[in-house]
Amino acid sequence: MNVIKVENLSKYFGEVHAVDEVNFSVNKGEIFGFLGPNGAGKTTTFRMMTGVLKPTNGQIKIFEKNVWKDPIPIKQIIGNVPEMANVYPDLTGMQNLTLIGELYGVPKKINKERAEKLLKQFELFEKRNFKTRKYSKGMKQRLLLCMALMNDPIILFLDEPIVGLDVQSAKIIKQLLKEYNQNGTTIFLTTHDMEVANELCDRIAIINKGKIVSLDTPENLKKLFQEFQEIDISFNQDINKEEFEKLSSIKKVQKVKDGFSVIVYEVNLAIIQITDFAKTNKLEIKRLNTHQPRLEEVFLKIIERGS
Amino acid sequence: MKEVVKIKEESIFPKKSKIEQFSSQMKRSIAIAKKNLRIYYNKGPVVIQGFLFPGIFFFAMTIGREILPIYIISGLMAMVLFLSATSIGPITFPWETRQKTLERLITCPISIKTIILGDVWASFLFGSIISIVPLILGLLIFSFWSSLNLVIIIVGILVSSFSFSCISIILSVPPSDTPASTMILTVIIKFPLIFISPLFMPIESVPSAMISPLTYFIDIINFGLSGNSAFGSFGILIDFGILLLFGFGFLFLSFKLHGKTLQKRFRG
């Protein structure tokens, strides 16, 4: 079931087409990653989806309701952590949370209880009565996430939630996002961090220059680029690199510290050919590891291809 | 099947009557007002315009002049109320645009009207509370107890504070993220209004007074202290009518204009 449907979405700033005819949908209960380099249109799309920037064309539907025609009921069921937003620096962590609770119409008693629970969950309870101008970036980001969860949202929108965070904050946030997702929260996440996308997302859309250039699961995206499969190998003695490179399954050989990093066209065939090569040349294979293509490589390849 | 879909939709989006929607938005506007009062009462522009300017103007306009006590109280109250009730409203939008908190606010289930109303309530409360001080001081010093109509004065303060607050919100319409630039606009508009108003003098002696909303508040205070209005027997009704007209007129204009400029605040 689609909970978010984006149709022909465009945003123009004068001559600049920040987002251009974007289409995708997000299924119930999934973590949907929206990846792209800086300036690709991620945040503009995010801001249109959360009712901040008005689209030039197209529409965004959440549970079949148009975000821009009927914004209040939709905003009531979503939580969001905008990249370009801040907590109130002159309010304490607790005051920030209860304010958001009040703005979502959370009953007074539940408001305080929920705020306390979230502050504990995100390890901010000790600092709840400190003004947030004294919070670190990681603490502010965790508080923004607490604010997004104050209304117990059905869908969570996160714009670069982990960028620039310390290891502890990033770990806490990733762990809790997984937990919320397991409890049924649908998550829309923009990021340019492949690790985050790979670790968290069920599906990924890659946007570049305002257009979606790919949309699939992380695994399928990696499969698309088999040429990035890599074998890490070392022999008991020096080999003739030129001869080795002539094997038909091998695309590229690169000398590394105590062996070779080999980019192959097809892993299984490459392993057979390398074993034969070793036998023929009376070599002993000391180490042989295969690597799946990293999402980062896939991403760069897709962006390159799109350009 | 359709019924199932309908039930599901209703469980996600519970139906609310117009009255329920209005009341929930009003409650949320009060939450915004509380937040504004917590944050902005001690900000530089508010302290300067809400506390310092009334004091400076008072001494500049009164020292060396022979002024009847009734005009001292009404003049001081009008100046304090006008400057304090219009001190918070113009800075919240640019301040929050700069702090990036407006974007967080706009993603909450509230309309731009709710945010504006929140700003109005904050200015209204701030102005109303501050203007009580010169009233109490004036009454203690000049003893107007015999002809005092406290109800008229209190209602006058509340209505005028609302009216002035609404006027102030319009000053933050330009989509700036610099409170200082809004302050310049504020000063350009507010100061001339003070200078054309009949502060510390009879209303009849200032022909241009009719175009200033302060005039009608001064007349209410004069009436509350002495029982006489400059506009005749129905003067007090005219005062309230015009102040409400100013208030609601500027409020609806603010809804319209802020709605138009809001998007420009999120271009960055």
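The shown structure was predicted, so the numbers you read here are calculated from the model rather than taken from an experiment.

## Some details on the overall build of chain B
When helices and strands are counted, chain B shows 11 helices and 0 strands. Taken along its principal axes, the extent of the C-alpha atoms in chain B is 80 × 40 × 30 Å. Taking the contacts inside chain B whose residues are at least 6 apart along the sequence as the reference set, 78% of them involve residues at least 24 apart. For chain B, the computed accessible surface area is about 12100 Å², with 72% contributed by carbon and sulfur atoms. If you average the places of the 23 positive and of the 12 negative side-chain charges in chain B, the two averages end up 10 Å apart.

## As for the interface of chain B and chain A
In this assembly, 29 residues from chain B lie in contact with 39 residues from chain A. Contact between chain B and chain A buries roughly 3100 Å² in total, counting both sides, with carbon and sulfur atoms accounting for 61%. Applying the counting criterion to the chain B and chain A interface returns 3 salt bridges. Glu103(B) is the partner of Arg47(A) in a salt bridge, and the nearest nitrogen-oxygen pair spans 2.7 Å. Counting across the interface, chain B meets chain A through 13 residue pairs in polar contact (both at pLDDT 80 or more). Within the residue set of the side of chain B that touches chain A, elements represented by two or more residues are helix H1 (2–12), helix H2 (18–40), helix H5 (89–99) and helix H6 (101–106) of chain B. Ranked by the residues each element gives to the side of chain B that touches chain A, the list is headed by H2(B), at 8 residues. Of the residues in the side of chain B that touches chain A, the class split is 11 nonpolar, 7 polar and 11 charged.

## Description of the domain arrangement of chain A
Domain boundaries assigned for chain A yield domain 1 (2–218) and domain 2 (230–291). Taking only C-alpha atoms into account, the centre of domain 1 of chain A sits 45 Å from that of domain 2 of chain A.

## So, the packing of helix H3 (residues 93–103) of chain A against H2(B)
Interaxial distance between H3(A) and H2(B) falls to 8 Å at its minimum, and their mutual angle equals 155°. As far as their axial angle goes, H2(B) and H3(A) are roughly antiparallel. Side by side, H3(A) and H2(B) meet where Gln95(A), Leu99(A), Glu102(A) and Leu103(A) of the first sit next to Arg28(B), Ala31(B), Ile32(B), Lys34(B), Lys35(B) and Arg38(B) of the second. Of the residues belonging to the contact of H3(A) with H2(B), the class tally is 4 nonpolar, 1 polar and 5 charged.

## Quick word on the sheet that holds strand S12 (residues 250–256) of chain A
All names here are of chain A. Within the open sheet, the 4 strands sit side by side as S12-S13-S11-S14. Their pairing is antiparallel. Of all the strands in the sheet, just S12 and strand S14 (285–291) have a single pairing partner and so form its edges. Across the sheet, the mean angle separating the axes of adjacent strands is 20° when strand polarity is ignored. Pairing of strand S11 (residues 230–235) with S14 involves 6 bridges; the strand directions are antiparallel. From the neighbouring strand, isoleucine 233 faces S14, where its bridge partner is leucine 288. Relative to the sheet, helix H10 (residues 267–280) contacts S11, S12, strand S13 (259–264) and S14, its axis offset from that of S11 by approximately 15°.

## What about helix H4 (residues 108–121) of chain A?
Residues and elements named next belong to chain A. The end-to-end C-alpha separation of H4 is 20 Å, in line with the 20 Å expected for 14 residues at 1.5 Å each. Here H4 has its buried residues at Asn111, Ala115, Leu118 and Leu119. For H4, the arc enclosing every buried residue in end-on projection is 100°, short of the 170-degree limit, so these residues lie on one face. In H4, the exposed residues that point more than 90 degrees away from the buried face are Lys109, Lys117 and Lys120. Positive phi shows up at glutamate 123, right after H4, with a value of about 55°.

## Comments concerning H5(B)
Judged by how many residues are buried, H5(B) sits mostly within the fold: 9 of 11 residues are covered. Inspection of H5(B) places Gly89(B), Pro90(B), Ile91(B), Thr92(B), Phe93(B), Pro94(B), Trp95(B), Glu96(B) and Thr97(B) among the buried residues, and these make up the whole buried set.

## Comments concerning the nonpolar core
In terms of nonpolar packing, the biggest core is built from 158 residues, with Ile4(A), Ile62(A) and Phe188(A) touching the most fellow members. Broken down by element, the residue count for this core peaks at 13 residues, all from helix H4 (residues 69–85) of chain B.

## Here's the deal with the sheet that holds strand S4 (residues 57–62) of chain A
All names here are of chain A. Overall, antiparallel pairing links the 4 strands, which are arranged S2-S1-S4-S5 in an open sheet. Either end of the sheet is taken by a strand with one partner, and the two such strands are strand S2 (16–27) and strand S5 (65–66). Summarising the sheet, strand S1 (residues 2–13) and S2 pair through 8 bridges and their orientation is antiparallel. Bridged to lysine 5 within S2 is serine 25.

## Here's the deal with the packing of helix H3 (residues 44–62) of chain B against helix H9 (residues 179–195) of chain B
Residues and elements named next belong to chain B. Interaxial distance between H3 and H9 falls to 13 Å at its minimum, and their mutual angle equals 30°. Our classification of the angle between H3 and H9 gives roughly parallel. Note on packing geometry: the crossing formed by H3 with H9 is right-handed. Where H3 approaches H9, its residues Pro45, Gln49, Phe53, Phe57 and Met61 are matched on the opposing element by Met183, Thr186, Val187, Lys190, Phe191, Ile194 and Phe195.

## Concerning the pairing of S13(A)
Residue and element names in this part refer to chain A. Burial analysis of S13 places 6 of its 6 residues in the buried class, which makes it a mostly covered element. Both S11 and S13 contribute to a ladder of 4 bridges, which runs antiparallel. Residue pairing for S13: isoleucine 231 is matched across the bridge by valine 262.

## Remarks on the pattern of salt bridges
One pass over the full model with this rule turns up 17 salt bridges over all chains. A salt bridge links Lys43(B) to Asp90(A); the shortest N-O distance between them is 2.7 Å. With Lys43(B) in the loop between H2 and H3 and Asp90(A) in the loop between strand S6 (78–81) and H3, the pair connects residues from two separate chains. Across the pair, exposure class does not vary: Lys43(B) and Asp90(A) are buried alike. Linking Arg287(A) and Asp232(A) is a salt bridge whose minimum nitrogen-to-oxygen distance equals 3.2 Å. With Arg287(A) in strand S14 and Asp232(A) in strand S11, this residue pair connects regions lying 55 residues apart in the sequence. Accessibility expressed as a relative area gives 24% for Arg287(A), which makes it partly exposed. Because the salt bridges share partners, they merge into one network encompassing Asp90(A), Arg133(A) and Lys43(B).

Parameters at a glance
- Sequence order sets the numbering: in each chain, residues are counted from 1 along the sequence as written.
- Labels follow written order: the first chain is A, the first ligand is 1, and so on.
- Residues qualify for local features only when their pLDDT is at least 70, as the model is predicted, and side-chain atom pairs are given and counted only at 80 or more; totals for whole chains, interfaces and linings, by contrast, use all residues.
- To get the side-chain values, all heavy atoms of the structure are used, and hydrogens and water are removed first.
- Note on conventions: DSSP H or I runs of at least 4 residues are helices, E runs of at least 2 residues are strands, and numbering of each starts at the N terminus.
- Contacts were defined at the residue level, with two residues in contact if any of their heavy atoms lie within 4.5 Å.
- Each accessible area value is a Shrake-Rupley result obtained with a 1.4 Å probe; residue values ignore everything except the protein chains displayed when judging cover.
- A positive count includes Lys and Arg, and a negative count includes Asp and Glu. His and the chain ends are not counted in either.
- To locate a charge, take atom NZ for lysine, CZ for arginine, CG for aspartate or CD for glutamate.
- Summed over both partners, buried area is the accessible surface (1.4 Å probe) that two parts give up on being assembled.
- Throughout this description, the term salt bridge denotes a Lys or Arg side-chain nitrogen within 4 Å of a carboxyl oxygen of Asp or Glu.
- Polar contact criterion, stated in full: a pair of N or O atoms within 3.5 Å, where within protein one must be able to donate a hydrogen and the other to accept it, and residues adjacent in sequence count only if both atoms are side-chain atoms.
- For this classification, Asp, Glu, Lys and Arg are treated as charged, while Ala, Val, Leu, Ile, Met, Phe, Trp, Tyr, Cys and Pro are nonpolar and the rest, including Gly, are polar.
- The source of the domain bounds is an automatic or database domain assignment.
- Axes, fitted as lines to C-alpha atoms, cover a helix only where it is in contact. Angles between the N-to-C directions of the axes lie from 0 to 180 degrees.
- Roughly parallel means an angle under 35 degrees; roughly antiparallel, over 145; roughly perpendicular, 65 to 115; everything else is oblique.
- Following DSSP output, two strands are said to pair if at least two bridges run between them.
- By definition here, a helix of n residues has an expected span of 1.5 Å times n minus one.
- Only protein chains enter the calculation, and the probe is 1.4 Å; a residue is then buried if its accessible area is under 20% of its type maximum, exposed if over 50%, and partly exposed in between.
- Each C-beta atom gives one direction from the helix axis, and the arc is the one those directions make.
- We call a set of buried Ala, Val, Leu, Ile, Met, Phe, Trp, Tyr and Cys residues a nonpolar core when their side-chain atoms join them within 4.5 Å.
- Crossing handedness is read from the near helix: turned anticlockwise from the far helix by less than a right angle, it gives a left-handed crossing, and turned clockwise, a right-handed one.

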